[in-house]
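So you can see what is in the structure, the chains are spelled out below.
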Amino acid sequence: VQLQAYGGGLVQAGGSLSLSCALSKGFFGMYDMAWYRQAPGRLFELAARITKDGQRIYADSVNGRFTISRDNARNTMYLQMNDLRPEDTGLYSCRACVEPFCGRRDTWGQGTQVTVSS
């Protein structure tokens, strides 16, 4: 199982970016998927998660601005990021896991950089 993340880049505050994460092998529909981010000097944190059943969980800091979605037919997860802020800057990594093994048997993508200028 491999994950490949796409998107990211440099954007001004208030702008938008879209990330995608594709699963190369396996039955995508059985995976819970998530985006995590790591900003300089800050903790590694969950940004958004979508379960295999489509339930969505967002960090308070991104709720209302970010939208996570998935397309099981394309084996791909997406993160639409609107109204970006400088504090959203960081390395965004996607994660796939199957409950109840999430946190113990995770697959990670390589990460994609998001930089928001003020």
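Up top is the structure these notes are about.
Please read all numbers here as calculations on a predicted model, not as lab measurements.

## Here's the deal with the overall build of the protein
A count of helical and extended segments in the protein gives 0 helices and 11 strands. In sequence order, the protein lays out its α and β elements as β-β-β-β-β-β-β-β-β-β-β. C-alpha extents for the protein along the principal axes are approximately 40 × 25 × 25 Å. When each of the 118 residues of the protein is scored for burial, the buried share is 42%. When contacts within the protein are restricted to residue pairs at least 6 apart in sequence, those whose partners lie at least 24 apart make up 53%. Accessible surface computed for the protein: about 6,200 Å², of which carbon and sulfur atoms make up 49%. For the protein, the distance from the average site of its 13 positive side-chain charges to the average site of its 10 negative ones is 5 Å.

## Section: unusual backbone geometry
Following Glu99, the chain continues to Pro100 via a peptide bond in cis, the omega torsion being 10°. With respect to the secondary-structure elements, Pro100 resides in the loop between β9 (90–97) and β10 (107–108). Look at Asn75: it is not a glycine, yet its phi comes out positive at around 55°. Among the structural elements, Asn75 can be located in the loop between β7 (66–71) and β8 (76–81). A relative accessible area of 22% places Asn75 in the partly exposed class.

## Digging into the environment of Leu46
Considering the arrangement of structural elements, one finds Leu46 in strand β5 (residues 45–50). The sequence separation of Leu46 and Gly8 amounts to 38 residues, and the corresponding C-alpha distance is 17 Å. Not counting chain neighbours up to four residues away, the residues in contact with Leu46 comprise Ala34, Trp35, Tyr36 and Ala59.

## Structural notes on the nonpolar core
With 26 residues, the main nonpolar core has Met33, Trp35, Met77, Leu79, Met81 and Tyr92 as its most contacted residues. Elements supplying a minimum of two residues to this core: β1 (3–7), β3 (17–23), β4 (32–38), β5, β7, β8, β9 and β11 (112–117). At 4 residues, β3 tops the list of elements feeding residues into this core. Ignoring sequence-local partners within four residues, the contact set of Met81 consists of Gly15, Ser16, Leu17, Leu19, Arg65, Phe66, Tyr92 and Val114.

## Thoughts on the pattern of salt bridges
Counted by the stated rule, this structure contains 8 salt bridges. Across the pair Lys52 and Asp53 runs a salt bridge whose closest N-O atoms are separated by 3.5 Å. Given the relative accessible area of 62%, Asp53 is considered exposed.

## Examining empty space enclosed by the protein
Counted according to the given criterion, the structure contains 1 cavity of 30 Å³ or more. Taken as a whole, the largest cavity encloses approximately 30 Å³ of empty space. For the largest cavity, the full set of lining residues is Arg37, Gln38, Ala39, Arg42, Leu43, Glu45, Glu87, Thr89 and Gly90. Considering only residue class, the lining of the largest cavity consists of 2 nonpolar, 3 polar and 4 charged.

Each value, and the rule that gives it
- Residues numbered from 1 in each chain as written.
- Predicted model: local features only at pLDDT ≥ 70, side-chain atom pairs only at ≥ 80, totals over all residues.
- Heavy atoms only, no water.
- Helix = DSSP H or I, 4+ residues; strand = E, 2+ residues; numbered from the N terminus.
- Buried < 20%, exposed > 50% of the residue type's maximum accessible area, 1.4 Å probe, protein only.
- Contact = heavy atoms within 4.5 Å.
- Areas by Shrake-Rupley, 256 points an atom, 1.4 Å probe, with all protein chains shown as cover.
- Lys, Arg positive; Asp, Glu negative; His and termini not counted.
- Charge placed at Lys NZ, Arg CZ, Asp CG, Glu CD.
- Core = buried A, V, L, I, M, F, W, Y, C linked by side-chain atoms within 4.5 Å.
- Salt bridge = Lys/Arg side-chain N within 4 Å of Asp/Glu carboxyl O.
- 1 Å grid on protein atoms, 1.4 Å probe; cavity = no way out; pocket = protein on both sides within 12 Å on 5 of 7 lines; lining within 4 Å.
- Points joined across faces, edges and corners; volume = space filled by probe spheres on them.
- Nonpolar A, V, L, I, M, F, W, Y, C, P; charged D, E, K, R; others polar.

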